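Chain by chain, the residues:
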Amino acid sequence: MAATTVSVDPDHRLEQSTRNHKKPHRASLGHRFLADLCARGGNPHGYAQWRRQVRGAGYCQRPVRLVGGVDHIDSDTGEARTVFDTAEEPDGLLLKACGTRRAARCPPCAEVYRADAYQLLRAGLAGGKGVPAMVAGHPRLFVTFTAPSFGPVHSSRVRRGRVQRCRPARSTARCPHGRPRRCATRHISGDPALSTPICLDCYDHERAVVWNALAPQLWKRTTIYLGRTLARQAGLTVAQCRAVARISYVKVAEYQARGAVHLHVIIRLDGPDPHTPPPGWATVELLAAALQQTAAHVTLPSPPGGPPIRWGDQLDLRPIHDGTGERSERQVAGYLAKYATKATEGLGAALDQPITSLAQLERLALPEHTARLVRACWTLGGQPSTASLGLRRWAHMLGYGGHCLTKSSHYSTTIAALRAARRAWTARRHHGPAVPLDGDGRPLPPAGMVAVADWQYAGCGYTTPADAWLAWSMATDHQHARQLAREELTGVA
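Residues numbered from 1 in each chain as written. Predicted model: local features only at pLDDT ≥ 70, side-chain atom pairs only at ≥ 80, totals over all residues. Heavy atoms only, no water.

Trainee: Hey, could you run me through the pairing of strand 8 (residues 261-270) in this one?
Mentor: Consecutive side chains of a regular strand alternate in pointing toward one face of the sheet and then the other. Of all 10 residues making up strand 8, 10 are buried, and the element is well covered by its neighbours. Neither face of strand 8 is open: one carries Val-261, Leu-263, Val-265, Ile-267 and Leu-269, the other His-262, His-264, Ile-266, Arg-268 and Asp-270, and all of them are buried. The pairing of strand 4 (residues 140-145) with strand 8 spans six bridges and is antiparallel. Within strand 8, the residue paired with Leu-141 across the bridge is Ile-267. As paired strands, strand 7 (residues 246-255) and strand 8 are joined by 10 bridges and run antiparallel to one another. (Buried < 20%, exposed > 50% of the residue type's maximum accessible area, 1.4 Å probe, protein only. Helix = DSSP H or I, 4+ residues; strand = E, 2+ residues; numbered from the N terminus. Pairing = 2+ DSSP bridges.)

Trainee: I would appreciate a short explanation of the packing of aromatic side chains in the present structure.
Mentor: Aromatic rings in a pair are described by how distant their centres are and how their planes are angled relative to each other. Within the structure shown, the criterion is met by 12 aromatic pairs. The interplanar angle of 45° and the centroid separation of 4.9 Å between the aromatic rings of Phe-145 and Trp-311 together place this pair among those described as tilted. With Phe-145 in strand 4 and Trp-311 in the loop between strand 10 (309-310) and strand 11 (315-319), this pair connects stretches of sequence that are 166 residues apart. With a relative accessible area of 4%, Trp-311 lands in the buried category. (Phe/Tyr/Trp six-rings, centres within 6.5 Å; stacked < 30°, edge-to-face > 60°.)

Trainee: Explain the nonpolar core to me, please; I cannot follow it from the model alone.
Mentor: Nonpolar side chains in soluble globular proteins generally cluster together in the buried interior. Counting 61 residues, the largest nonpolar core has Phe-145, Trp-211, Ile-267, Leu-291, Trp-311 and Val-374 as its most contacted members. When contributions to this core are tallied by element, the ones reaching two or more residues are strand 4, helix 4 (205-234), strand 7, strand 8, helix 6 (284-297) and helix 9 (368-381). Top element by residues in this core is helix 4. It accounts for 12 residues. Apart from the residues lying within four places of it in its own chain, the contact partners of Ile-267 are Pro-139, Arg-140, Leu-141, Val-143, Trp-219, Leu-226, Ile-247, Ser-248, Tyr-249, Leu-287 and Leu-291. If you look at the next biggest cluster of nonpolar residues, it comprises 22 residues, including Tyr-118, Leu-336, Ala-340 and Tyr-411. (Core = buried A, V, L, I, M, F, W, Y, C linked by side-chain atoms within 4.5 Å. Contact = heavy atoms within 4.5 Å.)

Trainee: I tried to follow unusual backbone geometry on my own but got confused; where do I start?
Mentor: Glycine aside, the phi torsion of most residues is negative, and most peptide linkages are trans. If you check the backbone angles, Asp-91 has positive phi at about 65° while not being a glycine. A relative accessible area of 46% places Asp-91 in the partly exposed class. At Ser-195, a position not held by glycine, the phi torsion is positive, near 70°. By the element assignment, Ser-195 lies in the loop between strand 6 (162-163) and helix 4.

Pasting the structure below:
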């Protein structure tokens, strides 16, 4: 094979081999990687600048590349002065974090979202971030709303410390499609068969994706009916109840292994606002009873027809307590924040991007059960009765088009406020306490000047595998350093 040499052009490209390959040879790719790696690290000053950019982008693994700059323009004379230009940056680019919440796409950005979600969730339980500490004494419940059954699935049942058979039944029992109704396997945790249908043809995949699509509307109707149920149990009118007690909540959507969404919800009872306690009759027991009654009766009509859309029979209600351990404020907030960074990736690696065509759908490498759910979204999305649900748009989410994390206005702070506070802290750290900041935490231009920014999209991700590997290594080192600092701070190894 002909030798390859490192090119001196600014793109650091390798010269093509004299042999005509349809695909690059593995050795050529290795040489190219090493060449790009040496080109990036061979200039210490340039590497330091590039490393600063990667750090400024939060070690994002798929950053947005921008070209442009910022000018300060004198409002009286119109004179412009360039204060930042990407032409002076490495590769003539500015790297900006992608900001995704999905851990499967970019772990560093997802970790930032998880930390923000944790602060938001815990502030509504223990106070802080503008929420009074007295909310810790208000009635609070950690509730899990599940989906109903759409067909029998493999499950793991434990009785007296022993794993039981999955579905005991007569050996001759058959479903309408001729398959056995029984499963004598004792499934343990991690078994890939868990939560998959006993019979794929018996499982109602179409109703499952319709339920996912209508789950946000079902939750909205639940909050309305819950207020009415509380008023009725307290012997008040709805208007009288709202004047003395308010329901605050935050919810996180999580996908079960069978592909159905269930909602983890923190529900808190306040007075007219979080700064006032609820009336004496508003207890945890009353709230739990109202939730059970509401969840059992709230329904939505099903667009394709058939039985109404409703919650499943399993409703898990657990009080939240102070301190540490299970169902503590810290544990509940951490549990929900973790699931705020997840979506459907656990059901199939191909479900990380929207599906735009039937041909793309057919190329997906998915387990058969998940593939049928996606196909059901695509099929129902083209029918007039269910076209308004946007099932094709959300086929990669198995029909669920709601936000992963939503809250009531009075529960706690907002993600936007947390991000503005982080930007302000970063600006103070870099520019000092004397630099004025705007409401979003960004430095203001000098008096009499107007900041004008001009940015153009230049792509997404790193330009070479070597850069991507370096950024990944930096992110790993940063994560380990944070873990060591946390262990030293808490004294936990």
